[in-house]
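Observations on the model geometry
In case you want the letters, here they are:
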Amino acid sequence: MEQKPGPGVSLLARWRDRTRTSPRWPARAEVRVGGADGGDTQSANAVDISRGGMLLAPAIAAAEGDRVFVDAAPCLQRVAARVVFQGEHGTGLQFDSPIHEDDIFLLTGPALAG
């Protein structure tokens, strides 16, 4: 079931919801994010995920447009992505290629169960 934006959601967020190609799901998974240049990695939590991207919180130290990779063992390993927004609620990533639905299940299972 796709989440619908509430009255407090910004116009930009509502526009992004209309441009999504796959539904997003709540997640509760620790991920590691590193620069595409092989720099240091940062820890963050995936708070929602779709086949096309994820929202991380807290926000990572990266600028919109930066190329990154995401690791979330055991399912996502060095998934290439681009930072598409930075905001008070976190960092939005868009994957270069859609991820498999099984990977979404592995990252959302604990969030949906509890």
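Keep in mind that this is a model prediction, so the values were computed, not measured. (Residues numbered from 1 in each chain as written. Predicted model: local features only at pLDDT ≥ 70, side-chain atom pairs only at ≥ 80, totals over all residues. Heavy atoms only, no water.)

Let's shift gears to the confidence of the model for the chain. Detailed reading of the predicted coordinates is not advisable wherever pLDDT is low. Across the chain, the average pLDDT comes to 81, with 77% of residues at or above 70. Of all helices and strands in the chain, the one with the weakest mean pLDDT is helix 1 (residues 11–19) (52), whereas strand 6 (residues 90–95) scores best (95). Counting contacts from residues 1–9, a segment whose pLDDT is below 50, to residues more than four positions away or on other chains yields eleven contacts. (pLDDT = per-residue confidence, 0-100. Helix = DSSP H or I, 4+ residues; strand = E, 2+ residues; numbered from the N terminus. Contact = heavy atoms within 4.5 Å.)

Turning next to the environment of Asp103. Residue position: Asp103 is located in helix 2 (residues 101–113). Its relative accessible area of 17% is what places Asp103 among the buried residues. The spacing of Asp103 and Arg51 is 52 residues in sequence and 8.7 Å in space, taken between C-alpha atoms. Setting aside chain neighbours within four positions, we find Asp103 in contact with Cys75 and Leu76. (Buried < 20%, exposed > 50% of the residue type's maximum accessible area, 1.4 Å probe, protein only.)

The next subject is the sheet that holds strand 5 (residues 76–87). Taken in spatial order, the six strands line up as 1-2-3-6-5-4 and close into a barrel, and their pairing is antiparallel. On average, each strand axis in the sheet is inclined to that of its neighbour by 45°, with strand direction left out of account. The pairing of strand 2 (residues 41–49) with strand 3 (residues 53–57) spans four bridges and is classified as antiparallel. Its bridge partner being in strand 3, Asn45 is matched across the sheet by Ala57. (Pairing = 2+ DSSP bridges. Axes fitted to C-alpha atoms, helices over the stretch in contact; angles between N-to-C directions.)

The subject of this paragraph is the pattern of salt bridges. Side chains bearing opposite charge may pair, as long as their charged atoms lie close to each other. The full count for this structure, using the stated rule, is two salt bridges. With a closest N to O distance of 2.3 Å, Asp96 and Arg67 form a salt bridge. Within this pair, whereas Asp96 is found in the loop between strand 6 and helix 2, its partner Arg67 is found in strand 4 (residues 67–72), the two being separated by 29 residues in sequence. (Salt bridge = Lys/Arg side-chain N within 4 Å of Asp/Glu carboxyl O.)

As a further point, take the side chain of Ser22. Here Ser22 lies in the loop between helix 1 and strand 1 (25–35). For Ser22, a relative accessible area of 15% puts it in the buried group. A distance of 3.4 Å separates a polar side-chain atom of Ser22 from the backbone nitrogen of Arg51. In this structure, Ser22 is in contact with Ser50, Arg51 and Gly52, ignoring residues within four places of it in sequence. (Polar contact = N/O pair within 3.5 Å; in protein donor to acceptor, adjacent residues only side chain to side chain.)

Our focus in this paragraph is the nonpolar core. Counting 24 residues, the largest nonpolar core has Val31, Ile49, Met54, Leu56, Leu76, Leu93 and Leu107 as its most contacted members. Going through the elements one at a time, strand 1, strand 2, strand 3, strand 4, strand 5, strand 6 and helix 2 are the ones with two or more residues in this core. Each residue touching Ile49, except ones within four places of it in the same chain, is listed here: Pro23, Arg24, Trp25, Ala27, Met54, Leu76, Ile99, Ile104, Leu107 and Thr108. (Core = buried A, V, L, I, M, F, W, Y, C linked by side-chain atoms within 4.5 Å.)

A full pass over the atoms with the stated rule returns zero aromatic pairs. Between Arg78 and the ring centre of Phe69, over which it is positioned, the NZ or CZ distance is 3.9 Å. (Phe/Tyr/Trp six-rings, centres within 6.5 Å; stacked < 30°, edge-to-face > 60°. Lys NZ or Arg CZ within 6 Å of the ring centre and 35° of its normal.)

Quick look at unusual backbone geometry now. The omega angle of the peptide bond from Ala57 to Pro58 is -5°, so this bond is cis rather than trans. Examined against the element boundaries, Pro58 turns out to sit in the loop between strand 3 and strand 4. In this model, Arg78 sits at a positive phi of 50°, which is unusual for a non-glycine residue. Residue position: Arg78 is located in strand 5.

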